[in-house]
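A closer look at the structure
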Amino acid sequence: MITLHHLEYSQSFRILWLLEELGAEYELKLYNRDPETNLAPAEYKAISPLGTAPVITDGDLALAESNAIIDYILDQHPESPLDPAPGSKHRARHLFWYHASQGSMMSIGMVDMIMRVLEQRSPWPISKLLGAVFGQARKSFTGPRNEAMLAKIEKDLGEAPWFGGDQVTSADITMSYPMEALRDRGQLGADHPNAMAWFDRVDALPSYQSARKIDDRPTVSFAI
């Protein structure tokens with residue numbers, strides 16, 4: 001049986017949601033972060049190959065990386081519509097968002113976060129100079145990429161209700177983390193009605209609600 005080692009305030013909530021959506025049998029072990037360092041505790045790092053969340057174990061196997069875990073679990077549920085079959089109508093759309101979530105969106109978000117941290121936490125008098133440098137870098141590098149991604153999100157969710165097409169798929173599950181980060185940073189709001197309607201549909205899913213009842217602790221996004 002799969003065991004989800006669920007670290008508080010982490011991306012592993014997506015795996016909990018996936019398991020609930022599948023109606024899978026699993027064991028859940030909850031871990032709290034170290035109160036001083038805010039990092040994963042030693043017993044968690046001893047399990048995870050990378051010391052990061054999420055991680056699952058299945059017998060002697062310990063597996064990290066969100067999408068690798070999702071693929072591994074879905075391999076055990078080949079009948080599930082969460083992974084659209086090759087040749088299906090929305091297969092390409094599903095694949096794009098499934099991989100964009102951890103590729104383009106996470107990398108852009110992390111670069112943007114790092115530049116803002118360096119700008120905001122640099123000591124005076126260099127903070128003013130760094131603010132100008134990193135502000136321009138965000139404007140010319142991460143800004144256009146974010147705008148292009150936001151436009152595609154709004155367009156695609158206007159054509160079909162889910163990132164995976166006409167029904168929820170694993171693309172929606174893995175996209176939940178970067179979508180929450182965009183919302184937390186104020187980049188998704190009233191100007192993006194299709195994206196905001198997607199959040200409402202997610203909140204209404206019984207599997208999402210049951211996962212939240214199991215652990216209602218929020219995730220930590222890269223919004224600052």
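Here, every reference points to the structure presented above.
Before going into details, it helps to say that this report is about the structure given with it. Not measured: the values here are computed from a predicted model.

1. Quick notes on the side chain of arginine 33
Along the chain, arginine 33 turns up in the loop between β2 (26-31) and α2 (42-45). One buried charge, arginine 33, has no salt-bridge partner; the nearest side chain with opposite charge is glutamate 8, at 5.6 Å. In this view, arginine 33 contacts Leu7, Glu8, Tyr9, Ser10, Asn38, Leu39, Ala40 and Pro41; residues no more than four positions away in its chain are not counted.

2. Considering the side chain of aspartate 58
Within the element layout of this structure, aspartate 58 appears in strand β3 (residues 55-58). Buried charged residue aspartate 58 carries no salt bridge. Nearest counter-charge: lysine 29, at 12 Å. A distance of 2.7 Å separates a polar atom in the side chain of aspartate 58 from a polar atom in the side chain of tyrosine 72. If near-sequence neighbours (up to four positions away) are discounted, aspartate 58 is found in contact with Met1, Ile2, Tyr72 and Gln76.

3. Here we look at the pattern of salt bridges
According to the stated counting rule, one finds 4 salt bridges in the structure shown. The residue arginine 91 makes a salt bridge to aspartate 83 at a minimum N-O spacing of 3.1 Å. Across the pair aspartate 156 and lysine 152 runs a salt bridge, and its minimum N-O distance is 3.3 Å. A residue pair is termed a helical-turn pair when its members lie 3 or 4 positions apart in one helix, as aspartate 156 and lysine 152 do in helix α5 (residues 126-159) at 4 residues.

4. Notes on the pairing of β2
Sheet topology note: the strand β1 (residues 2-7)/β2 ladder contains 6 bridges and is parallel. What sits directly across from leucine 4, in β2, is leucine 28. Chirality of the crossover, the property in question, places the unit of β1, helix α1 (residues 13-22) and β2 among those that are right-handed.

Rules used throughout
- Residues numbered from 1 in each chain as written.
- Predicted model: local features only at pLDDT ≥ 70, side-chain atom pairs only at ≥ 80, totals over all residues.
- Heavy atoms only, no water.
- Helix = DSSP H or I, 4+ residues; strand = E, 2+ residues; numbered from the N terminus.
- Buried < 20%, exposed > 50% of the residue type's maximum accessible area, 1.4 Å probe, protein only.
- Lys, Arg positive; Asp, Glu negative; His and termini not counted.
- Salt bridge = Lys/Arg side-chain N within 4 Å of Asp/Glu carboxyl O.
- Contact = heavy atoms within 4.5 Å.
- Polar contact = N/O pair within 3.5 Å; in protein donor to acceptor, adjacent residues only side chain to side chain.
- Pairing = 2+ DSSP bridges.
- Right-handed = clockwise from strand over helix to strand, strands pointing away.

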